Structures are given as structure tokens and as C-alpha cells.
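So you can see what is in the structure, the chains are spelled out below.
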Amino acid sequence: MVQADKVRNDIALAGPAKLDKPAPRAESEPDASVLTGEDGTTIIHNDVVAKIAGMAVREIDGVKELVPFGAGQQVTSLARRVTGKTMRALGVHVEVGKVEAAVDVRIVTVYGASIVGIATAIRENVRERVESMTGLRVVEINIEVVDLFFPSGDGGDPTDRVR
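Here the structure is a predicted model, which means the values were calculated and not measured.

Draft legend 1. Quick peek at the overall build of the protein. In terms of regular secondary structure, the protein is built from 5 helices and 6 strands. Counted from the first residue to the last, the protein has its helices and strands arranged as α-α-β-β-α-β-α-β-β-α-β. For the protein, the residues scored as buried account for 31% of the 163 residues in total. Taking all contacts inside the protein whose residues are at least 6 apart in sequence as the whole, residues at least 24 apart take part in 62%. Of the roughly 11000 Å² of accessible surface on the protein, a fraction of 53% belongs to carbon and sulfur atoms.

Put into C-alpha cells, the structure is as follows:
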């Protein structure tokens, strides 16, 4: 019993443990932004930044959908949604540094909407959402419009008019 009391006293005198360096996981996180402050470390994974950007894009009127990057887009999109894989396969790609982020998106817009207006609104909304939610500065937002959506009943197929 005397031995246990001595150990408790030694621990009490030593005080709380101090780390000379951050935890190795935070230092070596390959797909994440590591924010280190006085009171601890916050790790924001790239997929989180991509999801924020993707939701911000979907909030814009005139955006029909995000389109996956790469070959086999539709099959890949369905597979990724089911398995929860990378956001790149869902039409959003991000590059995240320690304090900055760049975002690439691929979209389908609604026919008749101003593509320039949609692009401006996407850039403003993505920048505001990502910066306010993560603290990262968004330095670039690239938008690729890959198709148009024709609402039904609009005579959407232009070949219908050619006879």
C-alpha cells in the first residue's frame, strides 16, 4: 500500500503529460487539412471539404446535377453512392493544403438558365460555405459545364424541330 501511495504522489507532482510534438497521425494525414491551434489539432478530411462544396453547388438554381469525373461516369456514380467512395467520382474534386483549398466541379445546367450567372453563383456559394465551415481560404473554383438538361414538355430535343 505504501508503494501505491508513492506512485500516486510521484504522478501528482509530475502534473499532466506534455507532448513535445503533435500526434504522428495529425502530422502524416495524407488526405486532410490539419489545423493546429493552442488548444489542440483539428483534422478536416478532403472528402468533408468536397461534400461541403458539392452541397453548395446543389443549392444554386439552374444546376441540375453534378457529373462524375472520368470514364464510365454513370456506372461509377452509382457505385460510389452505394459504397461511399471518393467525391471525385461524384463530380467534385478538391485539393486541400494547410490553409487553402482549390475546388473543381462538373455540372449539368438547366436549359435557358444563364451559365455565366450559375457559375458566378456557384463560386460565391462554394467559397462562402467552405471558408465559413472549415476556415480554409478558397483560392480557385473551376467549373465544367458538361451538358444541358431540358425540362420535359419543353421540346427538349432540338432534333425534334428538324424534319
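Draft legend 2. Geometry of the confidence of the model for the protein. In this model, the protein carries an average pLDDT of 78, and 63% of its residues clear a pLDDT of 70 or more. Predicted confidence in the protein is weakest over helix α2 (residues 24–27), with a mean pLDDT of 44, and strongest over helix α5 (residues 115–134), with 98. pLDDT under 50 marks residues 14–26. Its contacts with residues more than four places away, or in other chains, come to 5 contacts.

Draft legend 3. Quick peek at the packing of aromatic side chains. Evaluation of the coordinates by the stated rule reveals 1 aromatic pair. Lying across the ring of F149, K64 places its NZ or CZ 4.4 Å from the centre. We note R106 situated over the ring of F69; from NZ or CZ to the ring centre the distance is 5.6 Å.

Draft legend 4. Quick look at the nonpolar core. Counting 26 residues, the largest nonpolar core has V57, V92, V103, V105, I107, I122 and V126 as the members making the most contacts within it. The element that contributes the greatest number of residues to this core is helix α3 (residues 46–58), accounting for 6 residues.

Draft legend 5. Layout of the pairing of strand β1 (residues 32–37). Sheet analysis places β1 next to strand β2 (residues 40–45), joined by 6 bridges and oriented antiparallel. Bridged to T36 within β2 is T41. Where β1 folds back onto β2 in an antiparallel hairpin, the turn is made up of 2 residues.

Rules and cut-offs
- Residues numbered from 1 in each chain as written.
- Predicted model: local features only at pLDDT ≥ 70, side-chain atom pairs only at ≥ 80, totals over all residues.
- Heavy atoms only, no water.
- Helix = DSSP H or I, 4+ residues; strand = E, 2+ residues; numbered from the N terminus.
- Buried < 20%, exposed > 50% of the residue type's maximum accessible area, 1.4 Å probe, protein only.
- Contact = heavy atoms within 4.5 Å.
- Areas by Shrake-Rupley, 256 points an atom, 1.4 Å probe, with all protein chains shown as cover.
- pLDDT = per-residue confidence, 0-100.
- Phe/Tyr/Trp six-rings, centres within 6.5 Å; stacked < 30°, edge-to-face > 60°.
- Lys NZ or Arg CZ within 6 Å of the ring centre and 35° of its normal.
- Core = buried A, V, L, I, M, F, W, Y, C linked by side-chain atoms within 4.5 Å.
- Pairing = 2+ DSSP bridges.

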